Amino acid sequence: MPHTELFPAIEPYDHGKLPLDGIHTMYWEQSGNPEGIPVLFLHGGPGAGATPGHRRFFDPAYYRIVIFDQRGAGRSTPLGELKDNTTPLLIRDIEKLRHHLGIKQWLIFGGSWGSTLSLAYGEAHPEHCLGFVLRGIFLCRPGEINWFLYGLQNLFPEVWREFVSRLAPDEQRDILTAYYRLLTHPDPDVHLPAARAWSRYEGSCSTLLPNSQIVDYFSGDTVALGLAKIEAHYFRNNIFLPENSLLDNVHKIHHLPGVIVQGRYDAVCPIVSAYDLHLAWPRAEYIVVNDAGHSAWEPGIQAELIKATEKFKQIL
């Protein structure tokens, strides 16, 4: 029987803060086996940050587990900073971390926005990638962003109504612009409640069945502020990449192994994006979890992600 349970909780054997430029500093950590196969965990959002639980998707006896918080997220500073925060700069940051740690190649693991960044990084630097484990595929196409802002009301009308309730009726015609104005307001009494509302909205739609723990996590100030501000910033700028560039350039990683894990009833990142990626990257294994939504902590998705990291032990 394949291993499908989270590995035991572990602490990093190494961590630090890496200056990126005159503004941003990156938090990074390593855990597991210092001599093991390197694996890079890319968190979601953008802006959500990583957690200790994310170390547990990987066998610590086999993998050298590298985790970091992206610009403006989590333990990286300054929290929620939008200046000089773009996808090309995140790709550059990953390369800076790779050089800093002396890693030649690594397995790339990412879900939701982490899948977006995984593809963007892999297409820019395929020579440094061993393969990919991707979950809850988000290609950041205009239709996907529009679905997140408006389409979700078809499945979560109560949650969506709460999300837009702080906006005037005319503002609800352009939710992104209205929320961006609130999220970038200098007064914490304005931007913090807006950030909590945005993040709580996403967390409430992330699981097949209601999960108060997930919602509470998304409602915390650090997660909410990083997630809401940076997501709105990236959505307004079409993630700073040409439209459809991730699918248009996926041929650059066709030669690399990949696993795509997708919840059938993922409301945040609907399955059509994962299916489109599957069609564009036929070598990648495509796994649909029929009783799951978006979250990596859904039991079926969690099990398939761990099975994938275990399978790569036989490949790498």
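My aim in this report is to walk through the structure given alongside it, one point at a time. (Residues numbered from 1 in each chain as written. Predicted model: local features only at pLDDT ≥ 70, side-chain atom pairs only at ≥ 80, totals over all residues. Heavy atoms only, no water.)

Here we look at the overall build of the protein chain
In step 1: Helices and strands together make up the secondary structure of the protein chain, namely eleven helices and eight strands.
In step 2: Its C-alpha radius of gyration of 18 Å places the protein chain within 12% of the 20 Å reference for a compact globule of 316 residues.
In step 3: Counting across all 316 residues of the protein chain, residues that qualify as buried make up 59%.
In step 4: In the protein chain, the share of contacts with a sequence separation of at least 24, taken over all contacts with a separation of at least 6, comes to 73%.
In step 5: A total of about 12,700 Å² of accessible surface is found on the protein chain, and carbon and sulfur atoms cover 54% of it. (Helix = DSSP H or I, 4+ residues; strand = E, 2+ residues; numbered from the N terminus. Rg over C-alpha atoms; globule rule 2.2 N^0.38 Å. Buried < 20%, exposed > 50% of the residue type's maximum accessible area, 1.4 Å probe, protein only. Contact = heavy atoms within 4.5 Å. Areas by Shrake-Rupley, 256 points an atom, 1.4 Å probe, with all protein chains shown as cover.)

Observations regarding the side chain of R64
In step 1: The topology assignment puts R64 in strand β4 (residues 63-68).
In step 2: At 2.6 Å, the side chain of R64 forms a polar contact with the side chain of Q30.
In step 3: Here L101 takes part through its backbone oxygen, which lies 3.0 Å from a polar atom of the side chain of R64.
In step 4: Ignoring sequence-local partners within four residues, the contact set of R64 consists of Y13, Q30, S31, N33, P34, G36, I37, P38, V39, L101 and I103. (Polar contact = N/O pair within 3.5 Å; in protein donor to acceptor, adjacent residues only side chain to side chain.)

Observations regarding the sheet that holds strand β7 (residues 258-263)
In step 1: What the eight strands build is an open sheet, ordered β1-β2-β4-β3-β5-β6-β7-β8; its pairing is mixed. Every interior strand has two partners, whereas the edge strands, β1 (14-19) and β8 (285-289), have only one. Here the strands of the sheet are splayed against their neighbours by 20° on average, with no regard to which way each runs.
In step 2: Pairing of β1 with strand β2 (residues 25-32), which is carried by six bridges, proceeds in the antiparallel orientation. Among the inter-strand pairings, L18 is bridged to a residue of β2, identified as M26.
In step 3: With respect to the sheet, helix α10 (residues 271-280) is in contact with β6 (129-135), β7 and β8, its orientation differing from that of β7 by roughly 160°. (Pairing = 2+ DSSP bridges. Axes fitted to C-alpha atoms, helices over the stretch in contact; angles between N-to-C directions.)

Examining the environment of Q302
In step 1: Mapped onto the elements of the fold, Q302 is located in helix α11 (residues 299-312).
In step 2: With ten residues separating them along the chain, Q302 and A292 place their C-alpha atoms 9.9 Å apart.
In step 3: Setting aside residues up to four positions removed in sequence, Q302 forms contacts with L6, F57, A296 and W297.

Quick notes on the layout of surface pockets
In step 1: Space inside the largest pocket adds up to approximately 460 Å³.
In step 2: Counting residues per element, the ones that place at least two in the lining of the largest pocket are β3 (37-42), β5 (106-111) and α7 (212-219).
In step 3: Looking at side-chain class alone, the lining of the largest pocket contains ten nonpolar, twelve polar and two charged residues.
In step 4: Roughly 180 Å³ of internal volume is contained in the second largest pocket.
In step 5: Listed by contribution, the elements that provide at least two residues to the lining of the second largest pocket are α4 (157-164), α6 (188-204) and α7.
In step 6: No other element matches α6, which puts five residues into the lining of the second largest pocket.
In step 7: For the lining of the second largest pocket, a count of residues per class yields five nonpolar, two polar and four charged. (1 Å grid on protein atoms, 1.4 Å probe; cavity = no way out; pocket = protein on both sides within 12 Å on 5 of 7 lines; lining within 4 Å. Points joined across faces, edges and corners; volume = space filled by probe spheres on them. Nonpolar A, V, L, I, M, F, W, Y, C, P; charged D, E, K, R; others polar.)

Quick look at the side chain of D69
In step 1: On the secondary structure map, D69 appears in the loop between β4 and α1 (87-101).
In step 2: A polar side-chain atom of D69 sits 2.8 Å from the main-chain amide nitrogen of A50.
In step 3: Dropping the residues within four chain positions of it, D69 is found in contact with M26, Y27, H43, G49, A50, G74, R75 and S76.

Some words on the packing of α6 against α7
In step 1: Orientation of α6 relative to α7, taken along the N-to-C sense of each, is 155°, at an axis distance of 8 Å. Here α7 runs roughly antiparallel to α6, going by the angle between their axes. Regarding α6 and α7, the two cross each other, and that crossing is right-handed. Touching R196, S199, R200, E202, G203 and S204 of α6 are I214, V215, F218 and S219, all from α7. (Parallel < 35°, antiparallel > 145°, perpendicular 65-115°, else oblique. Left-handed = near helix turned anticlockwise from the far one by under 90°.)

Some points on empty space enclosed by the protein
In step 1: Applying the stated rule across the entire model yields two cavities of 30 Å³ or more.
In step 2: Taken as a whole, the largest cavity spans an internal volume of roughly 90 Å³.
In step 3: If you go around the largest cavity, the residues you meet are L139, C140, R141, P142, N238, I239, L241, P242, E243, N244, S245 and L246.
In step 4: Among the residues making up the lining of the largest cavity, the classes are represented as seven nonpolar, three polar and two charged.
In step 5: Quantified by volume, the second largest cavity comes out at close to 60 Å³.
In step 6: For the second largest cavity, the full set of lining residues is G45, S112, F138, F148, E202, E231, F235, V268 and C269.
In step 7: For the lining of the second largest cavity, the class distribution of residues is five nonpolar, two polar and two charged.

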